Every structure is written in structure tokens, then in C-alpha cells.
Amino acid sequence: MEKIKHDLRLSETITPFGVGAIVDVRGESLIAPDTSWWDRKRSPRISCDRLLARLGPGELRQPSTHAGRAAKETEGLLYWRFPAWRFCERCSKLSTLTGKYKGRWTNTCNCGGGLVPMRYIAVCTNGSHVQDIPWFMWAHRGRDAGVTEEVRFCRAYKELTFVRSAKHGEGLASLRINCGGCKRSRPLSELVGKDALHRDGIKCGGRQPWEDEEAARDVCDHHLVAVQRGATGNYIAERVSALDIPEETPQSEELVSDIRSHVYFDKVVADNGGPQAEVVAGWIAEEIGVSPEAVLAIAAGDGMSVEESIAGLRDGEWAAFVKKLSSGRDRTGGDFVVDGWKVSGETPGPRSLIDAMAGIGQVRRVREVRALRGFRRHSPDAALIHVDLGPDQKRQPLYPAIELYGEGIFFQFDEDAVATWERLDRVQVRAAILGKRRQETPWAQRLEVPTPRFVALHTLAHLLIRRLAFASGYSSAALQEKIYANADGPDPMAGILIYTAAGDAQGTLGGLVRLGEPKRVIPLLTSALDDADVCSNDPVCIESDRQRSAHLNLSACHGCTLISETSCESGNRLLDRQLVLGGSTVPGLLEAVLPEVRQSLSIHVSGFPVID
């Protein structure tokens, strides 16, 4: 077969045309095989230890690229033809065969007509497998009176045609598979019913199209469903990303280290809880700035270790951002450059908003690495298919990855203000609605735990993205979010990162980071709250507590809060405007901002002199 040469953007090899995805190229339908088919020599390695710490053992590899126009010797990615069944647009012949012209296999029929891939394929409902529909077998099955002995034992494999017959009606009823041998004719309307393929005895092969039949080690008992090959549910990618930020030790660990290295700490340990230990612990606590109980707990062996204090990847990111915010202008260079601004009483803006914030960071440069972990088909509950199905899938799998450079704005909120609001009973009850629904939905348990601070900061991030899309020059789909919300442990987090990244080595153009100065971003934040105060779907939206799939949104809809799903970490779920702006019975985190702004505007307007 002559190779098809088609250029893809580097980011498209992760999603939407990554491993397992079906791609339409020049009239043909192709599917991307797993990374065991890649040539590792031509796939450069990407370094990101923080991302591998989440993925596990393996390698991050960038797909092979080229500059200029593709030639015969140009290395590229292999894509498998799928579905194999095609019909001729001239003679309507249906088969898996390929034509031949001047000694070369081509995508044409023997009559000279072009071959068109069949519209429908079979997808496993729970195993994430996909396969061709065996059209000859299906055409000779059914429960109608036309299934005679001649039909059952027909062997006219080369006389199958795919035709449209207007005399049988419209839609799928007019599309039929005809057999020239036994004269059997069956409409596609019998293909898409519930358990239609199961009734016809068509079972799941338990593998992907590029795998050999021996690859199906376990029998898949799940039913198949016929779907259009371009349906979005056929490919649900699971993408993982991490910012390449130098790991910083959280503040709690620094305090533990200072206590253990103190010159008098050995005396506290030696006295083992005695009166001398309490006295000496008081000296150490006063000098370092902690409580004597904390010193005694560390001496007794109850101190938290470094491994225990870092709950996940974002703890290190949070510590790095907080350190940058306290350093002011960043002149370090490298791939992580952040100018920090401390928010204080002198910062212009509404007092209620200023009091709720601790710092703002202009992220001038940041490196992000995105990798594809696997994919699912048909349903978020289906099994995850790993990107590497080869012999090294457990020992040293290969993950498709790309690196991007970008910019952003980081917001740090005041921990005391957030914690005080979060402890309110009505706030806890409101967030518990989402927590219960997440627990009752199996696939939703992969989402973050919807604590009050997470839901409020997540919703605020969406409101900011919608507003920044008007001011930054980027579309909302180009902006990404990262939510830092954790009230547990010695280093609580309450922050938002909104950033954009591009595959070019120079990164992006600076339209977002320039808005990170407090004099610019505080008005934008206030405008974002004002935009969400009234939704075009109100009062239905603001009074609702069951929106989106599995009712995982409360007061949030497309008219006020939702953004592109590729920009949201949680797929536009776990959102609620009331926890930000307040409701009839729920106090919002920033509910006092808009009344303060409107009150100041009223006073300002009333102060104008009256002119006759």
C-alpha cells in the first residue's frame, strides 16, 4: 500500500488524534495504534520527573517531527486503516479488499471508483474495545421471514453491496446491505437498536483493531453497540499534565527541619516528656516561632516527614509559587519566572476583595508537559486502555508527550479569610450536595473532592477565564486552569493559576501576563463577578441545584459559568455560583464585593454638582 502523507500539529498527536483515535484523512478513515509501534530512536525523550511521579515507571517521548514538506523518507507516526470494510462509490460493492493499479495497492475498486469507509463501527460498552461490524455475517442474520435456509448458508462473499433505496423510506431504513447471491436485503435501521448486535450473535473480540487476534487474552463478555465512527464518545482521552516547576520544601517541613537542627533539641528528646523537656521546648518554640506542643510532638516522633507532608504534585507547585510571590521582581531566568505582588491594604480595589487575597503573581514563563495516559470508549465508566500495549507496557511503557511554554496569572487567597468562610454550616451543607453525588457516581470519583474552597475557587477560575477572553487576546479555549485547594495538613492551599501555553519554543505573546498587575487584574476580577451576578437563564440557573451530567453542578450553566471542556480540569463539573456570590441561604466567599462596589458608585454619582 502506498503511504499516505499528511501533516498533523504536534499537539494533535496527544489529543484529539492520539493513540486509539479515529482520524479522517483525505477520504480515508485511520486509527492510531499504541506507542509500541513507535520508533524510539526518532522519538526524542522529554524530561519531567514530576509528571513521571504521577504516571509511574516509563518514558515520556515526543512524536517524531520534521521541518518543511514531507517526503518518502520522512519519519512519521503509523496510522492503521479502520474500518477495513469499505464500499465503492461507483458500483456500490462492499468488501475489505483493496484495488491495484500499475502494481501498487490503492484505495480504489477494480471498477475504478473510490472506496469509502463504512459509516458504522462496533464499540464495546464497557471494555473500550472497537472493531469492524462483520457486514456479511450481519446481512445474513435477523429474525424476519426473509432468513431462509438459502440465506443462512449463503457463501457469496464477493456479491455484497451497500445501496440506498428510496422506495423503503427515509433515513436508515433507506440504507441497505444487499447480497447478490441469496438476494437478502437488510436495512441499517435494524443495526442501531438496543442489543441489536448481541441478538445477531456478534460478540466483542476483546482487542483493538491494530492488535493480533492472539492479543485478546481474556474473553470480553460485554455487549457491542453500533455507533457512527465519528461520534465523540468513541474516544475519551485521559490526559495528564504537570508544570515544570522546581520543587520547593513546604513551610511546615522547613519548620520541622529548623526544630530538629536546633542546638537544644537533643535535650528535649533525652528528657522524653519530662519537666526539663517542656522548659527547653518553650525556649525552642519562642525562638523559631512555633508552639511548644509542636516541638514536643516532633521530639516524640510524631513530626510529619517530608513524604507525608507532600500529598501530591501540587504541594510542590504551591510552595514554589508562594516563594516567588514573596520575592518581588523575578530576575532568575530559566523556565519558571514569576513576578510577585503582595496584596495589602494599600492595594487599590474593593476592601472586601483585597482582604480576601494574599498575593498575585505574573507568571512570565512556565514550561508545561502534557502526556496521554490512556483512553476510554463509549462511556466514562468503561475500562481504561493504556497507551502502550506492547511487551514493555508494565516495565517501561512509552507515554506520548509534548512540552509547551506559556504565561499566566497566579492568585493566592488569604487562608484565614477562606478558612473562616469555609467553616460556616450553610457553606458545608451546600458543598456536601456535590460531595454526595460524586460518591454515588463511580466515574465521578476520579474528580477532585468538592470541598467548599475547591468549588468556590474552581467557579471563580471559570468566571475569570470568561472575562480574560475579552481582555487578553486569547480565546477562552486557549486558557487553562489549575486549582490549588486543600484545607488539610500543615500547608493549606487556596489559589488559582490561569495560564496559556503553546508548542513554540518561545512560548506565547504576553497578552495574558501583562494583565497580572494588581491595578489591571483587580478590576478584571470585579468585572468577572459582575458578569456572573445575573445569568441569562436566571432565575432557573441560580435556583438550580442539579445541572450537568450526574447533576454535578449546582448554580452553573453555559450562560454564566461553563467554558471549553479542554480548559477545565474537571470537565465543567463541580461548579456553583452561590458559593462565590452568595444565595438566598448560602453566604458566598466574595459576596460582599459587588455590594461594596455598587455602594461606592452610588456615593460617587450622588456627589456630582447639579447643573441647571
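One can find the structure itself at the top, above this paragraph.
Residues numbered from 1 in each chain as written. Predicted model: local features only at pLDDT ≥ 70, side-chain atom pairs only at ≥ 80, totals over all residues. Heavy atoms only, no water.

Observations regarding the pairing of strand β21 (residues 480–486)
Reasoning step 1: In terms of burial, β21 is largely enclosed, as seven of its seven residues are buried.
Reasoning step 2: In β21, alternate side chains face the same way, and those of Gln480, Lys482, Tyr484 and Asn486 on one face and Glu481, Ile483 and Ala485 on the other are all buried.
Reasoning step 3: With seven bridges connecting them, β21 and strand β22 (residues 493–502) associate as antiparallel partners. Across the sheet, the residue bridging to Lys482 is Leu497, located in β22. (Buried < 20%, exposed > 50% of the residue type's maximum accessible area, 1.4 Å probe, protein only. Helix = DSSP H or I, 4+ residues; strand = E, 2+ residues; numbered from the N terminus. Pairing = 2+ DSSP bridges.)

Some remarks on the environment of Tyr484
Reasoning step 1: Relative to the assigned elements, Tyr484 resides in strand β21.
Reasoning step 2: With 73 residues separating them in the primary sequence, Tyr484 and Phe411 have C-alpha atoms 9.7 Å apart.
Reasoning step 3: Not counting chain neighbours up to four residues away, the residues in contact with Tyr484 comprise Leu243, Arg314, Glu317, Trp318, Phe321, Phe410, Leu457, Met493, Ala494, Gly495 and Leu497.
Reasoning step 4: There is a polar contact of 2.6 Å between the side chain of Tyr484 and the side chain of Glu317. (Contact = heavy atoms within 4.5 Å. Polar contact = N/O pair within 3.5 Å; in protein donor to acceptor, adjacent residues only side chain to side chain.)

Concerning the sheet that holds strand β12 (residues 160–164)
Reasoning step 1: The three strands lie next to each other as β12-β13-β14, forming an open sheet whose pairing is antiparallel. Of all the strands in the sheet, just β12 and β14 (185–187) have a single pairing partner and so form its edges. Looking at each pair of strands side by side, their axes are set apart by 25° on average, direction ignored.
Reasoning step 2: Two elements, strand β13 (residues 175–179) and β14, share three bridges in a ladder whose sense is antiparallel. Across the sheet, the residue bridging to Asn178 is Ser185, located in β14. (Axes fitted to C-alpha atoms, helices over the stretch in contact; angles between N-to-C directions.)

A look at the packing of helix α14 (residues 452–471) against helix α15 (residues 518–533)
Reasoning step 1: Two elements in contact, α14 and α15, have axes separated by 9 Å at closest approach and are oriented at 110°. One finds that α14 runs roughly perpendicular with respect to α15. Residues Leu460, Leu463, Leu464, Arg467, Leu468 and Ala471 of α14 pack against Leu524, Leu525, Ser527, Ala528, Leu529, Asp531 and Ala532 of α15.
Reasoning step 2: By residue class, the composition of the contact of α14 with α15 is ten nonpolar, one polar and two charged. (Parallel < 35°, antiparallel > 145°, perpendicular 65-115°, else oblique. Nonpolar A, V, L, I, M, F, W, Y, C, P; charged D, E, K, R; others polar.)

Examining the nonpolar core
Reasoning step 1: Grouped together as the largest cluster of nonpolar side chains are 57 residues, with contacts concentrated most on Met357, Phe411, Phe413, Leu460, Ile496 and Leu529.
Reasoning step 2: The element contributing the most residues to this core is α14, with ten residues.
Reasoning step 3: Sequence-distant contacts of Phe413, that is, excluding residues within four places in its chain, are made with Ala356, Met357, Ala358, Val418, Leu457, Leu460, Ala494, Gly495 and Ile496.
Reasoning step 4: Counting residues in each nonpolar core, the second largest holds 31 residues, with Cys48, Phe82, Trp210 and Val369 among its members. (Core = buried A, V, L, I, M, F, W, Y, C linked by side-chain atoms within 4.5 Å.)

Examining the packing of aromatic side chains
Reasoning step 1: Tallied over the entire structure, the rule returns eleven aromatic pairs.
Reasoning step 2: With a centroid separation of 5.3 Å and an interplanar angle of 65°, the aromatic rings of Trp37 and Trp80 are classed as edge-to-face. One end of the pair, Trp37, is in the loop between β2 (28–31) and α1 (49–55); the other, Trp80, is in strand β4 (residues 80–81), with 43 residues separating them in the sequence.
Reasoning step 3: Residue Trp37 is classed as partly exposed on the basis of its relative accessible area, which comes to 39%.
Reasoning step 4: With a centroid separation of 4.9 Å and an interplanar angle of 65°, the aromatic rings of Phe87 and Phe162 are classed as edge-to-face. (Phe/Tyr/Trp six-rings, centres within 6.5 Å; stacked < 30°, edge-to-face > 60°.)

What about empty space enclosed by the protein?
Reasoning step 1: Under the counting rule described, the total for this entry stands at two cavities of 30 Å³ or more.
Reasoning step 2: Of the volumes computed, that of the largest cavity is approximately 60 Å³.
Reasoning step 3: Contributing to the lining of the largest cavity are Thr13, Phe17, Gly18, Val19, Ala32, Pro33, Trp38, Leu77, Leu78, Tyr79 and Pro400.
Reasoning step 4: For the lining of the largest cavity, the class distribution of residues is nine nonpolar, two polar and no charged. (1 Å grid on protein atoms, 1.4 Å probe; cavity = no way out; pocket = protein on both sides within 12 Å on 5 of 7 lines; lining within 4 Å. Points joined across faces, edges and corners; volume = space filled by probe spheres on them.)

With respect to the pattern of salt bridges
Reasoning step 1: Per the counting criterion, the structure on display carries 34 salt bridges.
Reasoning step 2: With a closest N to O distance of 2.4 Å, Arg373 and Glu238 form a salt bridge. With a gap of 135 residues between them, Arg373 in strand β18 (residues 357–376) and Glu238 in strand β16 (residues 236–243) connect regions that are remote in the sequence.
Reasoning step 3: Judged by its relative accessible area of 31%, Arg373 falls in the partly exposed class.
Reasoning step 4: Measuring nitrogen to oxygen at the nearest pair gives 2.8 Å for the salt bridge that ties Arg430 to Asp576. (Salt bridge = Lys/Arg side-chain N within 4 Å of Asp/Glu carboxyl O.)

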